[in-house]
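Below, each chain spelled out in residue letters.
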Amino acid sequence: MIREIITYPNKLLKQKSTPVVDFDDKLHSLLDDMYETMISKNGIGLAAIQISIPLNVLIINLPNEDDEQTKDTLIEIINPKIIEQKGSMLYTEGCLSVPEYFDDVSRAQKIEVQYQDRDGKTISCIYEDLMAIAFQHECDHLKGELFIEKLSFLKRKKFEKDWKKKLKGKK
Ligand code: CO
């Protein structure tokens, strides 16, 4: 089922998510709904809080070398932890909760992570480049943070002004 994605400045996006305890059917249908919802909006990542569920759940599905997005590379990430970060990398990010806005953000280029899959199995991994960027972006959602909070003061000010104008235009 496609669910509604909440957008900035919805206050729920600031809420901290909590750990998943039960790896049950309810979690599995949440993950399935998140995938359907993300794909319907052409996204490459989604955190549960973006569909108003404050749980430590996120999904990432990067396009392959042929720029195709296929479900066999979908990664379902429950209760993620970033154990180590290395280097830095600038990347132009976007977010389904801040639609049609893109800007450069600096993040670690390489991260060591640990998380659980949909059955509760613990997975340890090292991610680099775009996968590392996406992982960090989605983990920020679980802390109640958005990528626009990483912009410089002036960029953020301009963003707020433009965003207000945009929201007004939609009313
Ligand atoms: Co996002």
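Being a predicted model, the structure only gives us computed values, none of them experimental.

K.L.:
I'd like a rundown of the overall build of the protein, residues and numbers included.
P.N.:
When helices and strands are counted, the protein shows three helices and seven strands. For the protein, the N- to C-terminal ordering of α and β elements is α-β-β-β-β-β-β-β-α-α. Taking 16 Å as the expected radius of gyration for a compact globule of 171 residues, we find that the protein reaches 16 Å, a close match to that expectation. When the backbone C-alpha atoms are referred to their principal axes, the protein occupies close to 45 × 35 × 35 Å. Counting across all 171 residues of the protein, residues that qualify as buried make up 41%. Counted over contacts in the protein with a minimum sequence separation of 6, partners at least 24 positions apart contribute 64%.

K.L.:
Lay out the pattern of salt bridges in plain terms, naming residues and giving numbers.
P.N.:
One pass over the structure, following the stated rule, counts twelve salt bridges. Ionic pairing is found between lysine 158 and aspartate 162, a salt bridge with its closest N-O pair at 2.8 Å. Pair noted here: lysine 158 and aspartate 162 are both in helix α3 (residues 153-170), with a separation of four residues, about one helical turn. A relative accessible area of 33% places aspartate 162 in the partly exposed class. Each member of the salt-bridge network shares a partner with another, and the members are Glu93, Arg107, Asp140, Lys143 and Lys150.

K.L.:
Account for the nonpolar core, with residues named and values stated.
P.N.:
Leu58, Ile60, Ile111, Tyr127 and Phe135 are the most contacted members of the largest nonpolar core, which has 17 residues in total. Breaking this core down by element, the ones donating at least two residues are β2 (57-60), β6 (110-116) and α2 (129-142). Counting residues per element, this core draws most heavily on α2, at six residues. Those residues in contact with tyrosine 127, other than ones at most four positions away along the chain, are Ile75, Gln109, Lys110, Ile111, Val113, Tyr115, Ala132 and Phe135. Ile5, Val20, Met34 and Ile78 belong to the second largest nonpolar core, which has 15 residues in total.

K.L.:
For the layout of surface pockets, give the residues involved together with the corresponding values.
P.N.:
As a volume, the largest pocket reaches approximately 550 Å³. Contributing to the lining of the largest pocket are 27 residues, with Gly43, Ile44, Gly94, Cys95 and Leu96 lying nearest its centre. Of all the secondary-structure elements, those providing two or more residues to the lining of the largest pocket are β4 (89-93) and α2. It is α2 that contributes the most residues to the lining of the largest pocket, six residues altogether. Split by residue class, the lining of the largest pocket holds 13 nonpolar, nine polar and five charged.

K.L.:
So what's going on with the environment of leucine 154? Which residues, and what values?
P.N.:
With respect to the helices, strands and loops of the structure, leucine 154 is situated in helix α3. In the structure, leucine 154 is positioned 151 residues away from arginine 3 in sequence and 34 Å away in space, judged by C-alpha atoms.

K.L.:
I'd love a proper account of the coordination of the cobalt ion, names of residues and values included.
P.N.:
The coordination sphere of the cobalt ion, as far as protein atoms go, consists of Cys95 (SG), His137 (NE2) and His141 (NE2), spread over 2.1 to 2.3 Å. We note that the donor set of the cobalt ion lies within a single chain, spaced as C-x41-H-x3-H. Of this pair, cysteine 95 sits in the loop between β4 and β5 (103-107) while histidine 137 sits in helix α2, and the two are 42 residues apart along the sequence. Like cysteine 95, the residue histidine 137 is buried in the burial classification.

K.L.:
Kindly report on the sheet that holds strand β3 (residues 75-86), identifying the contributing residues and their values.
P.N.:
Read from one edge of the open sheet, five strands run β1-β2-β3-β6-β7, paired in antiparallel fashion. Both outer strands of the open sheet, β1 (45-47) and β7 (122-128), are each paired with one neighbouring strand and no more. Adjacent strand axes in the sheet meet at a mean angle of 35 degrees when their direction is disregarded. Of the strand pairs in this sheet, β2 and β3 are connected by four bridges, and their pairing is antiparallel. When the sheet's bridge partners are listed, isoleucine 60 is paired in β3 with isoleucine 75.

How each quantity is defined
- Residues numbered from 1 in each chain as written.
- Predicted model: local features only at pLDDT ≥ 70, side-chain atom pairs only at ≥ 80, totals over all residues.
- Heavy atoms only, no water.
- Helix = DSSP H or I, 4+ residues; strand = E, 2+ residues; numbered from the N terminus.
- Rg over C-alpha atoms; globule rule 2.2 N^0.38 Å.
- Buried < 20%, exposed > 50% of the residue type's maximum accessible area, 1.4 Å probe, protein only.
- Contact = heavy atoms within 4.5 Å.
- Salt bridge = Lys/Arg side-chain N within 4 Å of Asp/Glu carboxyl O.
- Core = buried A, V, L, I, M, F, W, Y, C linked by side-chain atoms within 4.5 Å.
- 1 Å grid on protein atoms, 1.4 Å probe; cavity = no way out; pocket = protein on both sides within 12 Å on 5 of 7 lines; lining within 4 Å.
- Points joined across faces, edges and corners; volume = space filled by probe spheres on them.
- Nonpolar A, V, L, I, M, F, W, Y, C, P; charged D, E, K, R; others polar.
- Donors = N, O, S within 2.8 Å, 3.2 Å for Na, K, Ca; no water.
- Pairing = 2+ DSSP bridges.
- Axes fitted to C-alpha atoms, helices over the stretch in contact; angles between N-to-C directions.

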